[in-house]
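Structural overview for review
So the chains spell out like this:
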Amino acid sequence: MFSFVSRRLAVALPTLLVVIAGSFFLMRAAPGGPFDADAQLEPEVIENLRAAYDLDKPVTEQFMLYMARLLRGDFGPSITYADYTVTELLAIGLPVSVKLGLTAIVVALLFGCLMGIISALNRNRWIDYVTMSIAMTGFAVPAFVVAPVLTLVFGLYLKLLPISGWNDGALQNMVLPVIALALPQIAILSRLTRGSMLEVMRQNYIRTARAKGLPEYKVVAGHALKAVSLPLVSYLGPAIAGIMTGSVIIEQIFGLPGMGRYFIQGALNRDYPLVMGTVIVYATAIILLNLLADVIYGYLDPRVRRE
Amino acid sequence: MGFLTQRRDRQLAAMQAAGRTVGRSLWQDATRRFLSNKVAVGSVIVLLLISVMAVFAPLLSPHTMEDFYWEYILVPPTLENGHWFGTDSNGRDMFVRTFYGARVSLTIGVMTTAVALVIGVTWGSVAGFFGGKIDNFMMRIVDVLYALPLLFFIIILVTVFGRNIYLVFIGIGAVEWLTMSRIVRGQTLSVKQKEYVEAARAIGLSNLVIVRRHVVPNIVGPVIVFVTLLIPTTILVESYLSFLGLGVQEPMTSWGTLISQGAANIDTGPWLLLIPGTFLAITLFCFNFIGDGLRDALDPEGR
């Protein structure tokens with residue numbers, strides 16, 4: 001197990017380096033800079049500002065400076081939020097996004113698996129058709145359509161839930177964003193679970209379990225579930241990436257002070273350090289969570305460990 | 001010598017003719033299976049209708065896309081004045097705008113998928129055909145790219161290089177080719193090891209002929225299926241970008257742009273969101289049904 005994890009880590013680190021270098025040089029390659037909008041500034045002032053952010057140096061030197069700072073855990077100062085360092089902004093945004101994303105993934109796993117198992121066990125009965133229609137709808141109606149409709153129905157018509165704001169992660173503020181964020185993943189997870197469940201229930205060991213007289217719930221919980229969970233674990237990586245990209249748009253719609261908002265704001269304002277900071281955090285999270293999914297997979301299926 | 005080559009040519013021609021009839025009947029078989037799938041055929045018809053409307057709807061309406069009707073601001077759908085889908089907060093006709101949006105969204109879907117198709121098929125077939133170290137190296141790159149948050153790259157790309165519609169094409173296409181390359185590589189590798197390819201080698205057919213006669217027809221099926229499933233994905237990515245204000249810009253419009261404007265006016269004009277949102281959802285539904293239908297038709301064993 002140890003060598004399996006360390007082999008995966010050996011791929012993860014270069015990947016992260018590729019992300020950092022890629023986004024760094026991509027942004028620097030573009031024409032224009034963060035101070036273009038400030039047309040009223042004197043040229044000398046702009047020169048000084050550029051010097052203060054090391055932007056007057058050659059790009060490779062900037063990159064070396066940035067990497068040196070990064071290794072000390074310093075993301076540098078933000079350009080648009082002039083009084084903040086990027087680390088401080090991330091400290092504000094990250095907890096919001098983590099709480100939102102984690103809740104959404106837990107909700108998605110719970111509902112997705114449940115719906116999938118129920119509809120597989122009731123194949124071709126009405127409950128199967130109902131859950132699979134819900135899944136198909138969640139698949140085809142994107143989150144940025146669902147979210148405004150939810151605010152319209154539950155916020156403006158029924159007046160049950162607030163339509164925007166974070167309010168320190170209060171439950172009523174979380175409900176709508178979590179539903180909108182989880183729905184597409186519930187759709188995919190329930191279809192995956194259903195397919196996997198149908199496959200597993202045809203296996204010989206399930207027939208054996210039934211033949212020795214186990215009640216159906218024990219067959220499902222004790223024998224089928226572990227095998228069913230394999231494709232779900234391998235989908236965890238894409239699911240997490242989906243939740244993260246979805247979170248950018250959901251934070252925008254519900255006005256939540258998360259990472260996504262800083263990322264979009266940073267990108268629009270050419271705030272190089274802020275964009276780099278958010279991208280690095282997103283990439284690290286995706287890579288680490290993928291690693292975790294791999295490890296869980298290796299734990300569940302020993303064949304994977306020695307490839 | 002001349003006699004020999006002539007004879008071989010004739011044999012080849014006969015073989016190819018025989019092979020072609022077999023190939024054709026396979027396709028006929030797939031066509032028959034697809035046509036018997038009512039949901040898939042219905043989806044094709046609905047998509048054709050939306051495409052036809054995307055081309056001709058602006059001719060049917062008395063209004064144009066950019067006309068401002070200050071006396072008809074935020075009018076709900078009505079038969080009066082020909083504002084069948086209502087008007088937006090600038091008094092512009094939503095019927096015409098929705099189908100203009102369809103034009104842009106569908107075009108982007110097809111064009112970006114074409115970009116992804118070209119990159120993915122080239123990359124995957126080269127890796128699969130040469131195998132060994134080249135394959136290993138090329139697929140390692142795909143693995144690394146897979147682990148990256150690529151949508152964030154597109155966002156950086158469009159914000160940094162300006163919101164150019166062609167950049168959106170290339171950006172999305174350049175990101176979405178990864179799965180395509182894996183499918184093509186896997187298929188190429190497995191076809192390469194088949195006995196009929198060995199047999200073709202043994203009778204002295206050139207690489208080019210083998211690729212054309214055996215490799216390509218075997219790849220085409222999965223690629224077609226994946227393309228029909230990739231088009232809705234790229235349409236969705238485009239709407240995602242446009243919703244954030246990073247994709248298609250005024251005065252042009254796409255479904256994502258319209259949905260974004262609808263979301264901003266959700267309390268005063270819900271139809272501004274619901275109409276383009278419904279068209280987007282129907283389109284995504286249809287592509288998915290067609291993709292499923294094609295998969296069943298082309299690969300009956302896979303069911």
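Residues numbered from 1 in each chain as written. Chains lettered and ligands numbered in written order. Predicted model: local features only at pLDDT ≥ 70, side-chain atom pairs only at ≥ 80, totals over all residues. Heavy atoms only, no water.

**Points about the interface of chain B and chain A**
Counting residues at the interface gives 35 residues for chain B and 43 residues for chain A. Each partner contributes to the roughly 3200 Å² buried at the junction of chain B and chain A, and carbon and sulfur atoms together form 86% of this total. Summed over the three residues of chain B that lose the most area to chain A, namely F152(B), I156(B) and V160(B), the buried surface amounts to 19% of that side. At the boundary of chain B with chain A, the tally comes to zero salt bridges. The interface formed by chain B and chain A contains one residue pair in polar contact (both at pLDDT 80 or more). (Contact = heavy atoms within 4.5 Å. Buried area = accessible area lost by both parts, 1.4 Å probe. Salt bridge = Lys/Arg side-chain N within 4 Å of Asp/Glu carboxyl O. Polar contact = N/O pair within 3.5 Å; in protein donor to acceptor, adjacent residues only side chain to side chain.)

**Digging into unusual backbone geometry**
Residue and element names in this part refer to chain A. One non-glycine residue, N124, adopts positive backbone phi at about 65 degrees. Along the polypeptide, N124 turns up in the loop between helix 4 (86-121) and helix 5 (126-140). Given a relative accessible area of 48%, N124 falls into the partly exposed group. (Helix = DSSP H or I, 4+ residues; strand = E, 2+ residues; numbered from the N terminus. Buried < 20%, exposed > 50% of the residue type's maximum accessible area, 1.4 Å probe, protein only.)

**Side note on the confidence of the model for chain B**
Mean pLDDT for chain B: 83, with 90% of residues reaching 70 or above. Taken together, the chains of this predicted complex give a pTM of 0.83 and an interface ipTM of 0.81. (pLDDT = per-residue confidence, 0-100.)

**Focus: the pattern of salt bridges**
A side chain of one charge can pair with a side chain of the opposite charge if their charged atoms are brought near each other. Residues and elements named next belong to chain B. In total, this model carries nine salt bridges over all chains according to the counting rule given. One salt bridge connects D292 with R295, and the closest N-O pair in it is separated by 3.0 Å. One end of the pair, D292, and the other, R295, are both in helix 11 (residues 271-298), three residues apart, so they sit about a helical turn from each other. Accessibility expressed as a relative area gives 24% for D292, which makes it partly exposed. Residue class for R295 comes out partly exposed when judged on its relative accessible area of 39%.

**Topic: the packing of aromatic side chains**
Residues and elements named next belong to chain B. Summed over the entire model, instances satisfying the criterion amount to 19 aromatic pairs over all chains. A centroid spacing of 6.2 Å and a plane angle of 35 degrees characterise the contact between F85 and F99, whose relative ring orientation is tilted. Of the two residues, F85 is situated in the loop between helix 2 (38-60) and helix 3 (94-130) and F99 in helix 3; the sequence distance between them amounts to 14 residues. Per residue, the accessibility class of F85 equals that of F99, and both read buried. (Phe/Tyr/Trp six-rings, centres within 6.5 Å; stacked < 30°, edge-to-face > 60°.)

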